[in-house]
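This is what each chain is made of:
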Amino acid sequence: MESEEAEVAAAGAASPSGGNVTSAPKKRGRKPKSKEESQTQEERGGKMKESGKKTKQEEQSVDEKYTQWKGLVPILYDWLANHNLVWPSLSCRWGPQLEQATYKNRQRLYLSEQTDGSVPNTLVIANCEVVKPRVAAAEHISQFNEEARSPFVKKFKTIIHPGEVNRIRELPQNSKIIATHTDSPDVLIWDVETQPNRHAVLGAATSRPDLILTGHQDNAEYALAMCPTEPFVLSGGKDKSVVLWSIQDHITTAASTDSKSSGSIIKQTGEGGDKTESPSLGPRGVYHGHDDTVEDVAFSPTSAQEFCSVGDDSCLILWDARTGTSPVTKVEKAHDADLHCVDWNPHDDNLILTGSADNTVRLYDRRNLTSNGVGTPIYKFEGHKAAVLCVQWSPDKSSVFGSSAEDGLLNIWDYDRVSKKTDRSAKSPAGLFFQHAGHRDKVVDFHWNAEDPWTIVSVSDDCETTGGGGTLQIWRMSDLIYRPEEEVLAELEKFKSHVMTCASKP
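These lines cover the structure that appears in this document, whether it is placed above or below. Bear in mind the structure is a predicted one, so any value in this text is a computation, not a measurement.

Section: the overall build of the protein
For step 1, the next point in the chain: A count of helices and strands for the protein gives nine helices and 31 strands.
For step 2, the next point in the chain: For the protein, the residues scored as buried account for 55% of the 506 residues in total.
For step 3, the next point in the chain: For the protein, restricting intrachain contacts to residue pairs at least 6 apart in sequence, the fraction spanning at least 24 positions comes to 63%.
For step 4, the next point in the chain: As displayed, the protein has an accessible area near 21900 Å², and 49% of this comes from carbon and sulfur atoms.

Pasting the structure below:
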């Protein structure tokens, strides 16, 4: 563990070096700008306006909604931890569970720090204390300081990243192995346990990736996925292509060239001063079919050879590596604007979710994707007021998923509830049963915790509102919200009887 001084020093991290950094602002987060960039910001127009400063009226509305939400925290949540960041983070992911105890479990948490260049960009490995269900006191979870770090989140290790971290994905077969996207054509692979802990100060050399995946012809910034069944990696980029690798290919090569190899993807990683280059690996396949930047990719839950992708051409494409490098199915106009995100249901390999700049989430069935070449979703979920940035199915219930957007909301939906919509809930969109409103600006990423049911980590780009670098929140809604109604009513009745009995005692 770092000392407190080192933790503070390392709490901001990012290198002005790194890939082919473009001058255009990012869609999914606010990149800290130098004075020169700030002066020319207005000239860029277009999408820049979307991430500009809020009007006083908008700020007041956000504050009012946030104040109202905070007052409801003891009722809505079983547990909530609020962690103010020093620098913005564009991605957050759960790592392996480390320890189980009576009242809480300890688990790895991965996040990034996107700085202004005064200190290097970093990949942060943290230890998180996840409080177990029905343990936290209601008054305790509501008494957090927006401008403070959470005692539940402790930095464990810092990796100095070559360029800012746009996306983090963990390998399901070994969640200590993670992949990152930065502003370059390459995918970087890291073994977070063997990587040395670095002190993030200006001028420090970047950490050396354990493996570099090559194959893109232009920057690949966001689209990144790891296969649930085999150690395969998938990426998409500005070159309009989808690229597939197998980490197994590197293990096989390493084993044949090094008799001492133990089959790990890792070779001894030196400190920053070590000039030894990282090994690189070429792709198994490059897939062409998009007409614009590929924004997100996802594997089938049952096959490493089947995957899908979405992009700024408004298309959803399904691929099968066994049939070649051309699309199996191309869904034209899957949305009415750029597609930002996609996720394949881990419980039902026919269901695919997409999220878009048209503010909607759409649910597709792969058996019936199009009608006359145009996308025909099973259902359109309309609950966001701004571009949807991230969608993810719940690992705990097959019909439940989350969506986060630039409106600062993280919505939790249940597709099974769409057909059961009643007049009583007519004011809310069909299927929407929970809104996490604890973030005060765009929610750029979130991740369900597969080790701890119904627990979510989410990160937002609300630097101006919080006076910090954004907000990381770890939360779990009350189980009274999602459990079967008859079960909840029975428990409440039992609780009522208990209270009446206690009240009647002298």
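What follows picks up the thread again.
A word on the environment of P185
For step 1, the next point in the chain: Following the sequence through the fold, P185 ends up in the loop between β7 (174-181) and β8 (187-191).
For step 2, the next point in the chain: Accessibility expressed as a relative area gives 17% for P185, which makes it buried.
For step 3, the next point in the chain: Put simply, P185 and S235 are 50 residues apart on the chain and 9.7 Å apart in space, counted from C-alpha to C-alpha.

Details of the packing of aromatic side chains
For step 1, the next point in the chain: Enumeration over the complete set of coordinates arrives at 19 aromatic pairs.
For step 2, the next point in the chain: Where W69 meets Y77, the ring centres are 5.9 Å apart and the plane angle is 80°; that geometry is what we call edge-to-face.
For step 3, the next point in the chain: For W69, a relative accessible area of 4% translates into the label buried.
For step 4, the next point in the chain: By relative accessible area, Y77 is classed as buried at 4%.
For step 5, the next point in the chain: Note on W393 and F401: the rings are 5.5 Å apart at their centroids and 70° apart in plane angle, and the pair reads as edge-to-face.
For step 6, the next point in the chain: An aromatic cluster is defined as three or more aromatic residues linked by ring pairs; in this entry it consists of Y66, W69, Y77, F144, F434 and W475.
For step 7, the next point in the chain: In this arrangement the basic side chain of R417 is found over the ring face of F433, its NZ or CZ atom lying 4.3 Å from the centre.
For step 8, the next point in the chain: It is R440 that lies over the ring of Y66; its NZ or CZ is 4.1 Å from the centre.

A short note on the nonpolar core
For step 1, the next point in the chain: In terms of nonpolar packing, the biggest core is built from 40 residues, with Y77, W79, L109, I412, L472, I474 and W475 touching the most fellow members.
For step 2, the next point in the chain: A per-element tally of this core places strand β4 (residues 122-131) first, with five residues.
For step 3, the next point in the chain: Leaving out residues up to four positions away in the same chain, W79 has contacts with E129, V130, V131, A136, I141, F152, I474, W475 and R476.
For step 4, the next point in the chain: F232, F299, F307 and W319 belong to the second largest nonpolar core, which has 16 residues in total.

Overview of the side chain of T180
For step 1, the next point in the chain: Take T180: it is sitting in strand β7.
For step 2, the next point in the chain: According to the relative accessible area criterion, T180 is buried, its value standing at 0%.
For step 3, the next point in the chain: A distance of 3.0 Å separates a polar atom in the side chain of T180 from a polar atom in the side chain of W190.

Quick notes on the pattern of salt bridges
For step 1, the next point in the chain: Counted under the stated rule, the structure contains 25 salt bridges.
For step 2, the next point in the chain: The partner of E306 in a salt bridge is R366, with the nearest N and O atoms 2.6 Å apart. Separated by 60 residues along the polypeptide, E306 in strand β16 (residues 306-311) and R366 in the loop between β21 (361-365) and β22 (370-371) bring together distant segments of the chain.
For step 3, the next point in the chain: In this structure, R367 engages D365 in a salt bridge whose closest nitrogen and oxygen atoms are separated by 2.7 Å.
For step 4, the next point in the chain: D365 sits in the buried class, given a relative accessible area of 13%.
For step 5, the next point in the chain: Salt bridges here are not isolated pairs; linked through shared partners, they connect R134, D479, R483, E487 and E491.

Concerning the sheet that holds β8
For step 1, the next point in the chain: Strands sit in the order β6-β7-β8-β9-β13 across an open sheet of five strands; the sheet is mixed. Each edge of the sheet is formed by a strand with only one pairing partner; in this case those strands are β6 (167-171) and β13 (280-281).
For step 2, the next point in the chain: Sheet analysis places strand β9 (residues 211-213) next to β13, joined by two bridges and oriented parallel. Looking at the pairing, I212 lines up with S280 of β13.

Focus: the sheet that holds strand β27 (residues 410-414)
In any sheet, the strands associate via hydrogen bonds between backbone groups, in a parallel or an antiparallel arrangement.
For step 1, the next point in the chain: What the four strands build is an open sheet, ordered β25-β26-β27-β28; its pairing is antiparallel. Edge positions in the open sheet fall to β25 (388-393) and β28 (432-436), since each of these has one partner strand only. Going from strand to strand, the sheet's axes swing by 20° on average, the running direction of each strand aside.
For step 2, the next point in the chain: As paired strands, β27 and β28 are joined by four bridges and run antiparallel to one another. Bridging from a neighbouring strand, L410 pairs with H436 of β28.

Here is what the cut-offs are and how they apply
Residues numbered from 1 in each chain as written. Predicted model: local features only at pLDDT ≥ 70, side-chain atom pairs only at ≥ 80, totals over all residues. Heavy atoms only, no water. Helix = DSSP H or I, 4+ residues; strand = E, 2+ residues; numbered from the N terminus. Buried < 20%, exposed > 50% of the residue type's maximum accessible area, 1.4 Å probe, protein only. Contact = heavy atoms within 4.5 Å. Areas by Shrake-Rupley, 256 points an atom, 1.4 Å probe, with all protein chains shown as cover. Phe/Tyr/Trp six-rings, centres within 6.5 Å; stacked < 30°, edge-to-face > 60°. Lys NZ or Arg CZ within 6 Å of the ring centre and 35° of its normal. Core = buried A, V, L, I, M, F, W, Y, C linked by side-chain atoms within 4.5 Å. Polar contact = N/O pair within 3.5 Å; in protein donor to acceptor, adjacent residues only side chain to side chain. Salt bridge = Lys/Arg side-chain N within 4 Å of Asp/Glu carboxyl O. Pairing = 2+ DSSP bridges. Axes fitted to C-alpha atoms, helices over the stretch in contact; angles between N-to-C directions.

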